[in-house]
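Notes for the structure review
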2 protein chains.
Amino acid sequence: MIIGGLPRLLCSNVSGVGDVGSDAPDSLDLDIRRQLIDAATVEFARNGFAGASTRAIAIRAGAHQPQINYHFSSKEALWRAVVDDLFTQLSAFLEPEGTFDDPVDEFRQWVLGLVLFSAERPELSRLIMHEAASYNDRMNWLVDTFARPFVDRRDRIWAALKARGFTQAIDDKLAESTLLGAITIPFALMPHVERIHGPVDFDRETLERHAEGLVRAFLPGLDG
Amino acid sequence: MIIGGLPRLLCSNVSGVGDVGSDAPDSLDLDIRRQLIDAATVEFARNGFAGASTRAIAIRAGAHQPQINYHFSSKEALWRAVVDDLFTQLSAFLEPEGTFDDPVDEFRQWVLGLVLFSAERPELSRLIMHEAASYNDRMNWLVDTFARPFVDRRDRIWAALKARGFTQAIDDKLAESTLLGAITIPFALMPHVERIHGPVDFDRETLERHAEGLVRAFLPGLDG
DNA sequence: TCGGGACTTTATCAATTGATCATTCACATT
DNA sequence: AATGTGAATGATCAATTGATAAAGTCCCGA
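Residues numbered from 1 in each chain as written. Chains lettered and ligands numbered in written order. Predicted model: local features only at pLDDT ≥ 70, side-chain atom pairs only at ≥ 80, totals over all residues.

Here we look at the overall build of chain A
Of regular secondary structure, chain A possesses 10 helices and 0 strands. When the elements of chain A are put in sequence order from the N terminus, they spell out α-α-α-α-α-α-α-α-α-α. By the burial criterion, 42% of the 224 residues in chain A qualify as buried. Long-range contacts, defined as pairs at least 24 residues apart, comprise 71% of the intrachain contacts of chain A with a sequence gap of at least 6. (Helix = DSSP H or I, 4+ residues; strand = E, 2+ residues; numbered from the N terminus. Buried ≥ 20, exposed ≤ 12 C-beta atoms within 10 Å, placed from the backbone. Contact = placed C-beta atoms within 7 Å.)

Section: the interface of chain A and chain B
Contact with chain A, which involves 43 residues of that partner, is made by 43 residues of chain B. Of all the secondary structure elements, the ones that give two or more residues to the side of chain A that touches chain B are α1 (30-51), α6 (123-131), α8 (172-188), α9 (190-197) and α10 (204-218) of chain A. It is α8(A) that provides the largest number of residues to the side of chain A that touches chain B, a total of 11 residues. When the residues that make up the side of chain A that touches chain B are grouped by side-chain class, the tally is 22 nonpolar, 15 polar and 6 charged. (Nonpolar A, V, L, I, M, F, W, Y, C, P; charged D, E, K, R; others polar.)

Re the nonpolar core
In globular proteins that are soluble, nonpolar side chains generally tend to be buried together. If you look at the biggest cluster of nonpolar residues, it comprises 116 residues, and the most contacted ones within it are A:L78, A:V82, A:V111, B:L78, B:V82 and B:V111. Excluding residues within four positions of it along the chain, A:V82 makes contact with A:I37, A:A40, A:T41 and A:F44. (Core = buried A, V, L, I, M, F, W, Y, C linked by C-beta atoms within 7 Å.)

Quick notes on the protein's contact with DNA strand D
The full set close to DNA strand D counts 17 residues, and A:P66, B:S53, B:P66, B:S74 and B:K75 are the nearest of them. Breaking the surface near DNA strand D down by element, the ones donating at least two residues are α3 (66-71) of chain A together with α2 (54-61), α3 (66-71) and α4 (75-94) of chain B. Sort the elements by how many residues they give to the surface near DNA strand D and α3(A) lands first, with 3 residues. (Near = placed C-beta within 6 Å.)

Notes on the relation of the copies chain A and chain B
For these two chains of identical sequence, chain A goes onto chain B by a turn of 180° and a shift of 0.0 Å along the axis, with RMSD 0.0 Å. These values place the two chain copies in the arrangement generated by a two-fold rotation axis. Most of the interface of chain A is mirrored in chain B: 100% of its interface residues are interface residues there too. (Least-squares fit on C-alpha atoms with pLDDT ≥ 70 in both.)

Remarks on helix α4 (residues 75-94) of chain A
Between the first and last C-alpha of α4(A) there are 29 Å, a value that for 20 residues agrees with the 28 Å anticipated at 1.5 Å per step. Three or more residues of α4(A) are buried, namely A:A77, A:L78, A:W79, A:R80, A:A81, A:V82, A:V83, A:D84, A:D85 and A:L86. (Expected span 1.5 Å × (residues − 1).)

Comments concerning the environment of A:R164
Looking at where A:R164 falls in the secondary structure, it is placed in the loop between α7 (137-163) and α8. Expressed as a C-alpha distance, the spacing of A:R164 and A:V111, which sit 53 residues apart in the sequence, is 18 Å.

A closer look at the packing of α4(A) against helix α5 (residues 103-120) of chain A
Working note: a packed helix pair is described by the angle between its axes plus the distance between those axes. Residues and elements named next belong to chain A. As a packed pair, α4 and α5 sit with axes 8 Å apart at the nearest point and diverge in direction by 140°. As the angle between them shows, α4 and α5 are arranged oblique. You can see that α4 and α5 cross each other, and the crossing is right-handed. When α4 is examined against α5, the residues L90, F93 and L94 are found in contact with a partner set consisting of W110, G113, L114, L116 and F117. Classifying every residue of the contact of α4 with α5 gives 7 nonpolar, 1 polar and no charged. (Axes fitted to C-alpha atoms, helices over the stretch in contact; angles between N-to-C directions. Parallel < 35°, antiparallel > 145°, perpendicular 65-115°, else oblique. Left-handed = near helix turned anticlockwise from the far one by under 90°.)

Focus: the environment of A:E176
Residues and elements named next belong to chain A. Along the chain, E176 falls in helix α8. Each C-alpha atom, one on E176 and one on V42, is 27 Å from the other, the two residues being 134 residues apart in sequence. Apart from the residues within four sequence positions on either side, E176 is in contact with R154, D155 and W158.

So, in structure tokens, the structure goes:
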């Protein structure tokens, strides 16, 4: 569980669109905000934005439906708070812990970070899957607000690897989403993986081995 | 366009749940059924089942909303007809054109088929993405009714390749969905690929090269 | 020309949706 | 104890949803 100790000002720049005073929520009222975000994360990831009802979210959070509009200004603002929350957690997994001399090392760390995050929080992938199937205001906001830095870093690493002749010969324009699909989709579709293979529980070591396999799949130049 | 010459009895086993007489639609009334299916394919792929409204589908098809319940018995039956239609098209791409002595050849043909299909009809992947994020009656029906044979064949090919030591060292239980993600996601997320790289148009040769790159990514044993 | 079935069109239904309001509650400060 | 403020609660709004009913249209065979 990563959810526990999140900073309470985490979503302050996003949830308060201007109406609800978000500048001084000091007491434990943030508790209900957190519970609403957690419940909304589940509902949005499962059913998409349109499919998730504010009443279902409220019930899951043990709250009343109008509290969503009270603590957040709208369903859409709640959705943005959820995305904000998930991306904050993602950064913790992808943050470079040092400088990298070798782009292969950086790539390796990037893949592993994304694998570990996807295993623990598949909700972000699922949430994006729902929105990314079409042009969409929410998706555009997500990309512009959060995804760009990640995409840019991924592109930079990939370009460096390609320049050294390490990369697999998949189409350039498709390389990045191919990576993303290969890494995140298994965890996003985990309900059906488990439906086939029974309940699974990947330990750290297994995930590290899996990540290394992915690295070698996309960097055949490593062996030669 | 593959849509054109589909047999008119294509969805007869699915759309007519028992009420609307589906046994003798002989004249050109099937035209509106086809237009409804096409429109529904777009809407469902974009917005998911809950997010797509029957009125939006009808408008896109140039029809009236009650015609959906007349020609199909319900929104859900229309959704199933769409899936039926898409899987029929998929089979045309994946059908083995002969027997394969070498599992590598069969794998190569399978990957290429799925790449070509995903490029031409990304709607199926998008539609599945919407449903597969959770346990779901619709998804279960889709798997039980259509996906099983495809999954089984993929598993069989992969197992044969693994037995020969060709496969990449990614986790077994994740291998299949990793494959699926790597192959289909780029096309499912094409709107955003194009948002980054500008409009793209892949010719057959490019797709074949891309597919071969994917094959080599997952079968590093080919080189050694 | 008439009758009847297939299909279309218009109107409308109950249910659910996100959102808003007025009231009430909890609680701290004076 | 009085008061004021932030939050919770219940009622309710208009809009949209999938579905149905009923009237209308078309066309073919008798």
